Amino acid sequence: MEIKEAQFLMSNTEVEKCPAPNKPEYAFIGRSNVGKSSLINMLTNKKSLAKTSGKPGKTRLLNHFLINKEWYLVDLPGYGYAKVPKAERMKWEKMLQNYILKRENLYCLFVLIDSRHPAQQVDLEFMEWLGVSEIPFSIIFTKTDKLRPVELEENLKAYEKKMFETWETMPGYFISSAETGAGKDEILAFIDDINKNQ
Ligand code: GTP
Ligand code: MG
């Protein structure tokens, strides 16, 4: 699938005010600065559709984009960023939790993980919560351009090993780079497949 048209629709703090849930929806989540907004720009071929920043905590709202007039893509705020004041962090977490649990047309949540780092507790706990809550998700390992192929392979192996401590099977995953476009065809084909079989 090629993204021919990507249009910003609206930003929200409440799931109830999001666009009518009448199209398949895919959202991107993960720790602050992991590369959610950059990945959305890479997938849509638009440099500044979603706002990115070198400083964590850039995306603060639920941002809906309409893709090819057929499905929604959502840029979400990051979680687990210690420098955001606690009250604000809790507000975001509540907003994210509500969105994830209540958004009926959310077909898949993509959990982004920085491929350079060992498994982080906050991500592992978040995915466990998704599992318990029966939310369909896939993992996307980001920033793979920053690693040599052997390093990437080692990190992926280590991550799988960690996941197998709690998961019987490894959730589906993609490897990506917003710099090189790696992962784009695979992620879009996966979405296209779900859209066609809904
Ligand atoms: P928040 O909105 O703050 O939660 O962050 P985010 O997850 O949306 O991250 P964002 O896309 O804003 O990117 C954070 C930083 O990482 C920026 O400086 C990006 O240029 C950089 N970055 C994102 N993806 C990649 C990638 O694939 N490769 C490289 N080298 N840098 C990346
Ligand atoms: Mg962002």
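Refer to the structure above for everything that follows.
This text gives an overview of the structure that appears in the document. (Residues numbered from 1 in each chain as written. Chains lettered and ligands numbered in written order. Predicted model: local features only at pLDDT ≥ 70, side-chain atom pairs only at ≥ 80, totals over all residues. Heavy atoms only, no water.)

### Here we look at the site of ligand 1
Part 1: With respect to spatial proximity, 22 residues lie near ligand 1, and among them Lys-36, Ser-38, Gly-57, Lys-58 and Asp-145 are the closest.
Part 2: Ser-53 is positioned such that a nitrogen or oxygen atom in its backbone is 3.0 Å from an oxygen atom of ligand 1.
Part 3: Between ligand 1 and the protein, one listed contact pairs an oxygen atom with a backbone N or O atom of Gly-78 at 3.4 Å.
Part 4: Here ligand 1, which alone exposes 650 Å², has 87% of that area covered by the protein. (Near = heavy atom within 4 Å. Polar contact = N/O pair within 3.5 Å; in protein donor to acceptor, adjacent residues only side chain to side chain. Areas by Shrake-Rupley, 256 points an atom, 1.4 Å probe, with all protein chains shown as cover.)

### Some words on empty space enclosed by the protein
Part 1: Scanning the entire structure with this criterion turns up 1 cavity of 30 Å³ or more.
Part 2: Ile-113, Asp-114, Ser-115, His-117, Phe-141, Asn-155, Leu-156 and Tyr-159 are the residues that line the largest cavity.
Part 3: Considered class by class, the residues forming the lining of the largest cavity number 4 nonpolar, 3 polar and 1 charged. (1 Å grid on protein atoms, 1.4 Å probe; cavity = no way out; pocket = protein on both sides within 12 Å on 5 of 7 lines; lining within 4 Å. Points joined across faces, edges and corners; volume = space filled by probe spheres on them. Nonpolar A, V, L, I, M, F, W, Y, C, P; charged D, E, K, R; others polar.)

### Brief notes about the layout of surface pockets
Part 1: A volume near 470 Å³ is recorded for the largest pocket.
Part 2: Residue composition of the lining of the largest pocket, grouped by class: 4 nonpolar, 13 polar and 9 charged.
Part 3: Contributing to the lining of the second largest pocket are Ile-29, Tyr-79, Gly-80, Glu-93, Lys-94, Leu-96, Gln-97, Ile-100, Val-122, Glu-125, Phe-126 and Trp-129.
Part 4: Taken together, the elements giving at least two residues each to the lining of the second largest pocket come down to helix 2 (86–102) and helix 3 (121–132).
Part 5: Among the elements that take part in the lining of the second largest pocket, helix 2 stands out by supplying 5 residues, more than any other. (Helix = DSSP H or I, 4+ residues; strand = E, 2+ residues; numbered from the N terminus.)

### Some points on the coordination of the magnesium ion (ligand 2)
Part 1: Note on the magnesium ion (ligand 2): its protein donors are Ser-37 (OG) and Thr-59 (OG1). The metal-donor distances range over 2.0 to 2.2 Å. Pair noted here: Ser-37 is in helix 1 (residues 36–44) and Thr-59 is in the loop between helix 1 and strand 3 (62–67), with a separation of 22 residues, a long-range link.
Part 2: When its relative accessible area of 8% is taken as the criterion, Ser-37 is described as buried. (Donors = N, O, S within 2.8 Å, 3.2 Å for Na, K, Ca; no water. Buried < 20%, exposed > 50% of the residue type's maximum accessible area, 1.4 Å probe, protein only.)

### Considering helix 1
Part 1: Most of helix 1 is tucked away: 8 of the 9 residues are buried.
Part 2: Buried residues of helix 1: Lys-36, Ser-37, Leu-39, Ile-40, Asn-41, Met-42, Leu-43 and Thr-44, and no others.
Part 3: Positioned one or two residues after helix 1, Asn-45 has a phi angle of 60°, which is positive.

All we've got here are geometric facts, nothing functional implied.
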